[in-house]
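Reading the structure
So you can see what is in the structure, the chains are spelled out below.
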Amino acid sequence: MNARLRLVADRTAERHAPPPADPLHEEPGPGAARCLGLYAKLAAGVTVVTARGEDGPLGMTVSAVTSLSARPPLLLACLRDGSRTLAAVRAGRAFAVHLLREEQQDLAGRFASPTTTAAERFAGTDTRQVLGVPVLAGSLAWSVCLTEDVRRYGDHHLVVGRVAAVHVGAGRPLLWHDRRFGALTDPLPDAAG
């Protein structure tokens, strides 16, 4: 074979060759049950995310919420794909994040239950509107956020919100660890510091 034909043959082979091996993509990874076991060991504050739906207020319990930036003030929440609350956050472009108090386990359970209707979740709660979003009274702290970005990753969506209103109260947070509620055991610091 002359040099020119060999060069054409080599280029054709390069185009049809499989891409170079990527060890991260070749590794199938652990199963979902093992990953959920790992995730259960992450301690998190328990929050309820609410939004205004077409037929009224919607909300769900969320343990994956974190601060993202102080300037600009941004929060990040992970909402389950297909949830009505996620759809309302997207449509209404605003949502509220409520950090629950340690004594609000029943409220967290009600907003987490897949069989509880939106009306049942909000029944008996003291709710007011802040910037058009339902806000639950009595939480440890809350913020109303304007939706900045929503991106899907796996079975959840990352929702970034710009904090537009905030209230911080006193008390202890409700925690989620090892698939159960918990609370801080250390004494609260003196308010004077």
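Above this text is the structure in question.
What follows deals with the overall build of the protein chain. Helix and strand content of the protein chain: six helices and 12 strands. Counting the 193 residues in the protein chain, one finds 32% classified as buried. For the protein chain, the proportion of contacts with a sequence separation of at least 24, taken over those separated by at least 6, is 62%. Carbon and sulfur atoms form 56% of the exposed surface of the protein chain, whose accessible area is close to 12,400 Å².

Further remarks concern the pairing of strand S2 (residues 47-53). One face of the sheet, then the other: side chains in a regular strand alternate in exactly this way. Among the seven residues of S2, six are classified as buried, and the element is accordingly described as predominantly covered. As paired elements, S2 and strand S3 (residues 56-62) share seven bridges and run antiparallel to each other. Looking at the pairing, Thr47 lines up with Val62 of S3. Counted between consecutive antiparallel strands, the loop separating S2 from S3 contains two residues. One ladder, built from four bridges, connects S2 with strand S6 (residues 94-99); its direction is antiparallel. Directly across from Thr50, in S6, lies its bridge partner Ala96.

Pairing within the open sheet is antiparallel, and its three strands lie in the order S1-S11-S12. Single-partner strands in this sheet number two, and they are strand S1 (44-45) and strand S12 (180-182). Taken together, the two bridges between S1 and strand S11 (residues 175-177) define a ladder with antiparallel strand orientation. Across the sheet, the residue bridging to Ala44 is Trp176, located in S11.

So, about the sheet that holds S2. If you trace the seven strands from one edge of the open sheet to the other, you get S3-S2-S6-S9-S10-S5-S4, paired in antiparallel fashion. Looking at strand neighbours, the two that pair on one side only are S3 and strand S4 (65-69), the edges of this open sheet. If you compare each strand with its neighbour and ignore which way they point, the axes differ by 35 degrees on average. Summarising the sheet, S4 and strand S5 (residues 74-80) pair through four bridges and their orientation is antiparallel. Pairing of Val65 across the sheet is with Ala77, part of S5. Contacts from helix H4 (residues 84-92) reach S2, S3, S5, S6, strand S9 (141-153) and strand S10 (156-168), with the element oriented near 55 degrees to S2. Contacting S2 and S3, helix H5 (residues 105-112) crosses the sheet at an angle of about 110 degrees to S3.

Criteria and thresholds
Residues numbered from 1 in each chain as written. Predicted model: local features only at pLDDT ≥ 70, side-chain atom pairs only at ≥ 80, totals over all residues. Heavy atoms only, no water. Helix = DSSP H or I, 4+ residues; strand = E, 2+ residues; numbered from the N terminus. Buried < 20%, exposed > 50% of the residue type's maximum accessible area, 1.4 Å probe, protein only. Contact = heavy atoms within 4.5 Å. Areas by Shrake-Rupley, 256 points an atom, 1.4 Å probe, with all protein chains shown as cover. Pairing = 2+ DSSP bridges. Axes fitted to C-alpha atoms, helices over the stretch in contact; angles between N-to-C directions.

Geometric values such as these leave the question of function open.
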